[in-house]
Structures are given as C-alpha cells and as structure tokens.
Amino acid sequence: MLLAGDIGGTKTKLAIFSEDKGPRDPLVEETFRSKDYPSLEAIARTFLDQIDMEIDRASFGVAGPVINNRVEVTNLPWTVDAENMRQALELSSVQVLNDLASTANGVLLLEPDELHTLQEGKRDPTGSIAVVAPGTGLGEAFLTYDQDDGRYRPHASEGGHTDFGPMTPRQIQLLRYLWARHEHVSYELVCSGIGIPNLYEYYRSGGYAEEPAWLAEGLAEAEDPTPVIASAALDDGRDCELCRLTLNTFVSILGAEAGNLALKVMATGGVFLAGGIPPHILPALEQERFLEAFHSKGRHMDLMARVPVHVVLKPEVALMGVARYGLEL
C-alpha cells in the first residue's frame, strides 16, 4: 500500500494506492490547504489518522528542486526530507519527486477525453514531450524516450525561474516595470498565479485602462486575486478592459514560453499545458494569440506548427504520476 501526495503552494492532495488498482484509482483521497499546516509531516499524520489502512511506503511530488531526496518547497516555508519522513511516519521507504516530474509521469496515463487539443500537429511516437504548468508558480518538465526499454523517462526542471524574455515593445516596458521592483524577473513572475497580479498591476498603474469599482471591491475581498482577474476577463456580461489586457498578455507569454521549452527539448512528442490555470481559461487559449506566440520562433515556425499542443483537464495528473512512480519502485 502506497501513500502518495501532490504537494503545491496552494493545495496538498494525499491518497492511498494499491498495486492491484494502480495509479488511476485511489482507495481514498483528500485535499488540504497547504498553508494551514506547518509541514508535510503534519498533513500526512492528519490524513493517516483518519483512515484505517496499513501503509508501508510513500512517494511525494513536491514543488521545488529535489536534491538527494530532499527539497526546500517553493512558495511554502517547508523542507521535505525523505529520510526524516520515513522515520517520522514509520515507513519502509519514502521517495521525493519534483512535482512537475510527477505531472510529466502522469501525462502518460491520460485518456483522450482528459485532454483539450489546441493544435493537432503530427506526433512523433518516440519524440520528447514537454510539460508547462502555470499554477501558483510556473512548473516545467519533460520526458525523453528510452530506446532500450521502450519507455518514457520524466526529467525535472526549474525552467519557470529562467529570465523572462519580452517579445513586444509593451512587454519590454513590463520587464522594466518589474525590474524596478524585483531583483530577478523570471517567467514565473509573469506567467503563473503569482504573475497574473503583477501583469494586472502593471496595466492598472500605467493607466492603460481604468479599474471598475465592482472589480476593485472584489479584489479587496479576495484572498487570491488571480481567479477574480481571470474570471472578469472572460465574463462577456461585464466590460473589463484591464482584465482582458492582463489575461491576453498572460496567454501570449505562456505561448512563447511553451514554445521555448518545446524547442529546447525538441518536443516532437507534444506539449502539455498542465497546472491549475489553463483548464479555466480555455476560451482565451483558443484565440489566435497563444499559437501565434508559440509558433513565433523564426526559422523554426514550420517545426512549431507540427508540435501537438494539449491542455490537461484532469486535476489529478500529478498525483497519478507520483503514484505511478511509487508503485513501480
């Protein structure tokens, strides 16, 4: 029996899996607000105290760079150390995997109806696969095909923290705006749940559009401004140019960065947009600007037009991936 967890800056999902049922069918599952707990161990103890099952091992997908089975969690004041967790929970083994490597592993288990295709392309059945996941932060990973055993292998990345590269004069001004406020301007600062409020404030403070009173009130009451801004941008019943500018810029930057990763790993096997944001902004992603930015790679525009691009609709993809990893050890 395996305890598996998908640990993010906003939510932590824990579940129990068995070898018989496999990684798509948890026996029990629960979601916790990460910031309500002082550590992953505290959440795991709370979860295990609620169930009556013999657990012998665990695997956790954690947001952050995993080195020697230990990780300082991105966007949370936690450290997850596999050996400490093993001793604390009295298990035979604990494995820690980067959360995006977990997501990449889970992409291989998805059914066609769990994907929304933005570009059909022409998939190379053994080509590398790229995963870009804007959620609380911006996660990136990729898979490469192992010719020896005919399987894909996931690889972690911290590509979301690379330097933001503007593509338009307005984005150059955005970069200058953020440079004045941050020591390092990464893609995560403009292409994630953290980034959307930065884009919004850039347009609001720059006078590009007025902030409606109803929106200002909603933002003042919201714990997280990102879903408020995104929903207002997609609401045809209310006119919010400020939110539309914000979301359009987000979509363009996401398209450009997804294309960057596709080029870097030669993702002829496809690009998958995972994370919490893409499924909620499908109408914006289906507009021309996403693929325009994705294709805009100079002499390699034709190559980019052949790369399949999908949005992952199944929220449990990372949990499935880390469960698959743990069950196969």
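Everything quoted here is computed from the prediction, not taken from an experiment. (Residues numbered from 1 in each chain as written. Predicted model: local features only at pLDDT ≥ 70, side-chain atom pairs only at ≥ 80, totals over all residues. Heavy atoms only, no water.)

Participant: When you look at the layout of surface pockets in this model, what are you seeing that I'm missing?
Facilitator: In this approach a probe as big as a water molecule rolls over the atoms, and the regions it shows empty are the leftover space. If you add up the space inside the second largest pocket, you get close to 240 Å³. Arg 45, Leu 48, Asp 49, Ile 51, Met 53, Glu 54, Ile 55, Ala 88, Leu 89, Glu 90 and Leu 91 are the residues that line the second largest pocket. Secondary-structure elements contributing two or more residues to the lining of the second largest pocket are α1 (40-49) and α2 (82-89). Counting residues per element, the lining of the second largest pocket draws most heavily on α1, at 3 residues. Residue composition of the lining of the second largest pocket, by class: 7 nonpolar, no polar and 4 charged. (1 Å grid on protein atoms, 1.4 Å probe; cavity = no way out; pocket = protein on both sides within 12 Å on 5 of 7 lines; lining within 4 Å. Points joined across faces, edges and corners; volume = space filled by probe spheres on them. Helix = DSSP H or I, 4+ residues; strand = E, 2+ residues; numbered from the N terminus. Nonpolar A, V, L, I, M, F, W, Y, C, P; charged D, E, K, R; others polar.)

Participant: Just to check I follow, could you spell out α1 for this structure?
Facilitator: The α-helix winds at 3.6 residues per turn, so residues separated by three or four positions along the chain end up facing the same way. Along α1, the residues that are buried comprise Leu 40, Ile 43, Ala 44, Phe 47 and Leu 48. For α1, the angular spread of buried residues about the axis comes to 125 degrees, placing them on one side. (Buried < 20%, exposed > 50% of the residue type's maximum accessible area, 1.4 Å probe, protein only. Arc of directions from axis to C-beta.)

Participant: Quick question: what am I supposed to make of the packing of helix α5 (residues 195-205) against helix α7 (residues 225-234) here?
Facilitator: For any two helices packed against each other, the geometry comes down to the angle between their axes and how far apart the axes lie. Where α5 meets α7, the axes come as close as 8 Å, and the angle between the chain directions of the two elements is 60 degrees. Between α5 and α7, the crossing angle belongs to the class labelled oblique. Taken as a pair, α5 and α7 cross one another with a handedness that is left-handed. Along its contact with α5, which presents Ile 196, Pro 197 and Tyr 200, the element α7 presents Pro 225, Thr 226 and Ile 229. (Axes fitted to C-alpha atoms, helices over the stretch in contact; angles between N-to-C directions. Parallel < 35°, antiparallel > 145°, perpendicular 65-115°, else oblique. Left-handed = near helix turned anticlockwise from the far one by under 90°. Contact = heavy atoms within 4.5 Å.)

Participant: I keep staring at the sheet that holds strand β1 (residues 2-7) and nothing clicks. Help me out?
Facilitator: Each strand in a sheet pairs with another by means of backbone hydrogen bonds, the pair being arranged parallel or else antiparallel. Pairing in this open sheet of 5 strands is mixed, and the strands run β3-β2-β1-β4-β7 from one edge to the other. Only two strands of the sheet have a single neighbouring strand rather than two, namely β3 (28-33) and β7 (93-98). Along the sheet, successive strands turn relative to each other by an average axial angle of 15 degrees, direction set aside. As judged from the 6 bridges shared by strand β2 (residues 11-17) and β3, these two strands associate in the antiparallel manner. Residue pairing in the sheet places Ala 15 in a bridge with Glu 29 of β3. In the packing of helix α3 (residues 99-107) onto the sheet, contacts are made with β1, β4 (57-62) and β7, and the angle to β7 comes to roughly 90 degrees. (Pairing = 2+ DSSP bridges.)

Participant: It is not clear to me how unusual backbone geometry should be interpreted in this structure. Could you clarify?
Facilitator: Only a minority of non-glycine residues have a phi that is not negative, and only a minority of peptide bonds are not trans. In this model, Asn 68 sits at a positive phi of 55 degrees, which is unusual for a non-glycine residue. Along the chain, the position of Asn 68 falls in the loop between β4 and β5 (70-72).

Participant: In this structure, what is going on with the nonpolar core? I would like to understand it.
Facilitator: Generally speaking, soluble globular proteins have nonpolar side chains that are buried together. Formed by 53 residues in total, the largest nonpolar core has its most connected members in Phe 250, Val 271, Leu 273, Ile 281, Leu 285, Phe 290 and Phe 294. For this core, the element with the most residues is helix α8 (residues 241-265), which contributes 12 residues. Setting aside residues up to four positions removed in sequence, Ile 281 forms contacts with Ala 230, Leu 234, Leu 247, Phe 250 and Val 251. With 26 residues, the next largest nonpolar core counts Phe 47, Val 73, Leu 91 and Val 96 among its residues. (Core = buried A, V, L, I, M, F, W, Y, C linked by side-chain atoms within 4.5 Å.)

Participant: Teacher, can you tell me more about the packing of aromatic side chains here?
Facilitator: Going through the model one piece at a time under the given rule, you end up with 9 aromatic pairs. The interplanar angle of 90 degrees and the centroid separation of 5.5 Å between the aromatic rings of Phe 164 and Tyr 187 together place this pair among those described as edge-to-face. Placement of Phe 164 in the loop between β11 (151-157) and α4 (169-179) and of Tyr 187 in the loop between α4 and α5 is noted, with a sequence separation of 23 residues between them. Take Phe 164 and Tyr 187: they sit in the same class, and that class is buried. It is Arg 238 that lies over the ring of Trp 214; its NZ or CZ is 4.2 Å from the centre. (Phe/Tyr/Trp six-rings, centres within 6.5 Å; stacked < 30°, edge-to-face > 60°. Lys NZ or Arg CZ within 6 Å of the ring centre and 35° of its normal.)

Participant: Sorry if this is basic, but what is going on with the pairing of β2 here?
Facilitator: The side chains of a regular strand alternate between both faces of the sheet. Counting buried residues in β2 gives 6 out of 7 residues, a clear majority hidden from the surface. Here β1 pairs with β2 via 6 bridges, running antiparallel. Paired with Gly 5 across the bridge in β2 is Leu 14. Turn length for the β1-β2 hairpin, with the two strands adjacent in sequence and antiparallel, is 3 residues.

Participant: For this particular structure, what's the right way to read the pattern of salt bridges?
Facilitator: Side chains that differ in sign of charge can pair as their charged atoms come close. Counted according to the given criterion, the structure contains 19 salt bridges. Residues Asp 81 and Arg 70 are paired through a salt bridge, measuring 3.6 Å at the closest nitrogen-oxygen approach. Placement of the pair is Asp 81 in strand β6 (residues 79-81) and Arg 70 in strand β5, with a sequence separation of 11 residues. Exposure remark for Asp 81: the relative accessible area of 18% places this residue in the buried category. Classification of Arg 70 by relative accessible area gives partly exposed; the value is 37%. Across the pair Lys 314 and Glu 316 runs a salt bridge, and its minimum N-O distance is 3.6 Å. (Salt bridge = Lys/Arg side-chain N within 4 Å of Asp/Glu carboxyl O.)

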